Each structure stands twice: as C-alpha cells, then as structure tokens.
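Here are the chains, one letter per residue:
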Amino acid sequence: MPKSCPTCGNSEASIKFFGNFCENCAREKFVARLPRSAEITVCKRCGKIKATGTFVPPNGHNIEAAIKSNFPKLTVHLIDYDNSSAKLDISEETAYGKLSAELTIELTQRKALCEMCYKKACNYYEAVIQLRGNNYKIARFIERITRFFDMNNEFVGEIERTADGPNVYLSNKRLVQAYISKNKLHSTNSFTLSGVKNGRRIYKNTYAIRFE
Ligand SMILES: [Zn+2]
Ligand SMILES: [Zn+2]
C-alpha cells in the first residue's frame, strides 16, 4: 500500500515524498524554518554594501552574496530585489533529493562607514605629490591620477593650492609609486617618519614632480 502524508493525506502514488511527508508539506516545513529577513550593512557615505567581509558596489551579485550569509548550507539565488525586500530561490540538498522554494524576505539596512569613507572622513593620507610647472599638464595629471585611484578603490583627498603649485594628498603611497613608474614620470622623493605601528616605522612619502 502506498504511504500517505500524515499532514495532508496525499498519497505517494500521486506526489513525490521526502521521507514521511509529501513534497508540498516537506516544502512548507522547510520554508517555515527559514529566516524572514536579512540585514545588509551599507556605507552611509558611498552606498557600498558589505559582502563576504569587504565593501563592494550594491549590485545584484553582491546583494545575493550578502544575503547568502543568512542562509548557511543552502543554495540561494536572488530573483528580484528592491530597497526593502528580496525574492529568493532557496534550495536544500536532502537525503531524498533537492527541495526548493521561493521566498520573499525583508531587507533591513545597518548603516556603517566603509574603510575608504572612514579614511576620507579622517583626512587620511599616505603620500603627497607636489606638482610644479605647467598648469595645463598639472590639471591633466590630477584628472588622470584621480581616475586611477578611483579604479583601484583608493582616493585623492585634499588638494592644497600653494603659490608654487598644488600639493595633492593621496590615500595610498604604493599606488602613487605604481602610477609614477607606469607613466615613466620623474619625481624627487622624500620620506617623513609619521609614526610607528606594530613595531614598524610608518613613513609619509612626498613626491615632487615638475612639468616643463
Ligand atoms: Zn502533505
Ligand atoms: Zn563608503
């Protein structure tokens, strides 16, 4: 005699079973123990979200990754989302096969500052470039290095205008060095000790570049 579902009475002859229960009831039980909301950490300045430990642009791929951490051991696909909710396709591998369900959850936002916005807020910098000479070339240089820093998720901070020319403050000295050598620019470099962190000396680097 085919088994029948103890919850709804469906017969094994007419529907797939997951253990003692029919697929419909097994799915209902599965859905009942899923979380109904997920918290997304959002940078209040730039809008990036935290997914797998780092702040990344708030696109579908990254929102899916951020939501996944709320559903350990399950497969999660984002079907649709807006600011306050997400529609998901969630599945679980069971001993009787794959059980899938669609679920709409509430998205809540936790406001934070990402590392870059925190550094901007504190006027953080590691390097200064002193630009001297041809104003047109200086303006182009600032435009290009700003784009280069944006692309590498770093930033150009304050631009201090002096009588000799602008001093540009930048968040990452290694990136300045990379930019200078990539563009084969000639710079005069100096290093100022700014502190000690974990027993290591921290230097702020100054690069003087003259455009003829
Ligand atoms: Zn049933
Ligand atoms: Zn940010």
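Refer to the structure presented above.
Residues numbered from 1 in each chain as written. Chains lettered and ligands numbered in written order. Predicted model: local features only at pLDDT ≥ 70, side-chain atom pairs only at ≥ 80, totals over all residues. Heavy atoms only, no water.

Section: helix α2 (residues 60–68)
Here is step 1 of the chain: Taken residue by residue, α2 has Asn62, Ile63, Glu64, Ala66 and Ile67 as its buried positions.
Here is step 2 of the chain: Looking at the buried residues of α2, the elements they touch are β3 (37–43), β4 (49–51), β5 (54–56), β6 (75–81), β7 (85–94) and β8 (97–112). (Buried < 20%, exposed > 50% of the residue type's maximum accessible area, 1.4 Å probe, protein only. Helix = DSSP H or I, 4+ residues; strand = E, 2+ residues; numbered from the N terminus. Contact = heavy atoms within 4.5 Å.)

Focus: the coordination of the zinc ion (ligand 2)
Here is step 1 of the chain: Distances from the zinc ion (ligand 2) to its protein donors, namely Cys43 (SG), Cys46 (SG), Cys114 (SG) and Cys117 (SG), fall within the range 2.3 to 2.4 Å.
Here is step 2 of the chain: Note that the zinc ion (ligand 2) binds four donor atoms; their angles at the metal cover 102 to 114°, and the shape is tetrahedral.
Here is step 3 of the chain: Binding-site remark: the zinc ion (ligand 2) is held by donors from one chain whose sequence spacing is C-x2-C-x67-C-x2-C. On the criterion of sequence distance, the pair formed by Cys46 in the loop between β3 and β4 and Cys114 in the loop between β8 and α3 (115–121) is long-range, its members being 68 residues apart.
Here is step 4 of the chain: Its relative accessible area of 3% is what places Cys114 among the buried residues. (Donors = N, O, S within 2.8 Å, 3.2 Å for Na, K, Ca; no water. Tetrahedral: all angles 85-135°; square planar, octahedral: opposite > 155°, others 65-115°.)

Quick look at a nonpolar patch on the surface
Here is step 1 of the chain: On the surface, Phe191, Leu193 and Tyr203 cluster together into a nonpolar patch covering about 290 Å² of accessible area.
Here is step 2 of the chain: Following the sequence through the fold, Phe191 ends up in strand β12 (residues 188–197). (Patch = residues over 30% accessible without salt bridge, like charges linked within 9 Å, V, L, I, M, F, W, Y side chains within 5 Å. Areas by Shrake-Rupley, 256 points an atom, 1.4 Å probe, with all protein chains shown as cover. Salt bridge = Lys/Arg side-chain N within 4 Å of Asp/Glu carboxyl O.)

Examining the coordination of the zinc ion (ligand 1)
Here is step 1 of the chain: The protein atoms donating to the zinc ion (ligand 1) are Cys5 (SG), Cys8 (SG), Cys22 (SG) and Cys25 (SG), with metal-donor distances spanning 2.2 to 2.3 Å.
Here is step 2 of the chain: Coordination geometry of the zinc ion (ligand 1): the four donor atoms subtend angles of 103 to 117° at the metal centre, consistent with an arrangement described as tetrahedral.
Here is step 3 of the chain: For the zinc ion (ligand 1), all donor residues lie on one chain, and their spacing in sequence is C-x2-C-x13-C-x2-C.

Brief notes about helix α1 (residues 23–32)
Along an α-helix, a turn takes 3.6 residues, which lines up residues three or four apart on a common side.
Here is step 1 of the chain: Among all positions in α1, only Cys25, Ala26, Phe30 and Val31 are buried.
Here is step 2 of the chain: The secondary structure elements touched by the buried residues of α1 are β1 (17–18), β2 (21–22), β7 and β8.

Here we look at the nonpolar core
Here is step 1 of the chain: Residues Ile67, Phe71, Leu88, Ile90 and Ile105 are the most contacted members of the largest nonpolar core, which totals 26 residues.
Here is step 2 of the chain: Secondary structure elements with two or more residues in this core: α1, β3, β4, α2, β6, β7 and β8.
Here is step 3 of the chain: If you tally residues by element for this core, the top one is β8, at five residues.
Here is step 4 of the chain: Listed in part, the 19 residues of the second largest apolar core include Ala127, Leu131, Phe148 and Leu175. (Core = buried A, V, L, I, M, F, W, Y, C linked by side-chain atoms within 4.5 Å.)

Some thoughts on the pattern of salt bridges
Here is step 1 of the chain: Tallying each qualifying case throughout the model produces seven salt bridges.
Here is step 2 of the chain: One salt bridge in this structure joins Lys68 and Glu64, with 3.6 Å as the shortest N-O distance. Placement of the pair is Lys68 and Glu64 together in helix α2, with a separation of four residues, close to one helical turn.
Here is step 3 of the chain: Since its relative accessible area comes to 16%, Glu64 is described here as buried.
Here is step 4 of the chain: Measuring nitrogen to oxygen at the nearest pair gives 3.6 Å for the salt bridge that ties Lys119 to Glu115.

A few points about the sheet that holds strand β9 (residues 127–133)
Here is step 1 of the chain: One open sheet holds the five strands; their spatial order is β10-β11-β9-β13-β12, and the pairing between them is mixed. Across the chains shown, the open sheet's two edge strands, defined by having one partner strand only, are β10 (156–162) and β12. If you compare each strand with its neighbour and ignore which way they point, the axes differ by 20° on average.
Here is step 2 of the chain: In the sheet, β10 pairs with strand β11 (residues 165–170) via five bridges, with the strands oriented antiparallel. In the sheet register, Arg161 faces β11, and the bridge partner there is Pro166.
Here is step 3 of the chain: Lying over the sheet, helix α4 (residues 135–151) contacts β9, β10, β11 and β13 (200–211), oriented at roughly 155° with respect to β9.
Here is step 4 of the chain: Together, β9, β11 and β13 form the strand contacts of helix α5 (residues 173–182), whose direction differs from that of β13 by roughly 35°. (Pairing = 2+ DSSP bridges. Axes fitted to C-alpha atoms, helices over the stretch in contact; angles between N-to-C directions.)

Quick look at unusual backbone geometry
Here is step 1 of the chain: Within the chain, Lys73 stands out as a residue other than glycine whose phi angle is a positive 70°.
Here is step 2 of the chain: Along the polypeptide, Lys73 turns up in the loop between α2 and β6.

Side note on the side chain of Thr41
Here is step 1 of the chain: As for its position among the elements, Thr41 is in strand β3.
Here is step 2 of the chain: Beyond its immediate sequence surroundings of up to four residues, Thr41 is in contact with Lys48, Ile49, Lys50, Phe55, Arg110 and Ala112.

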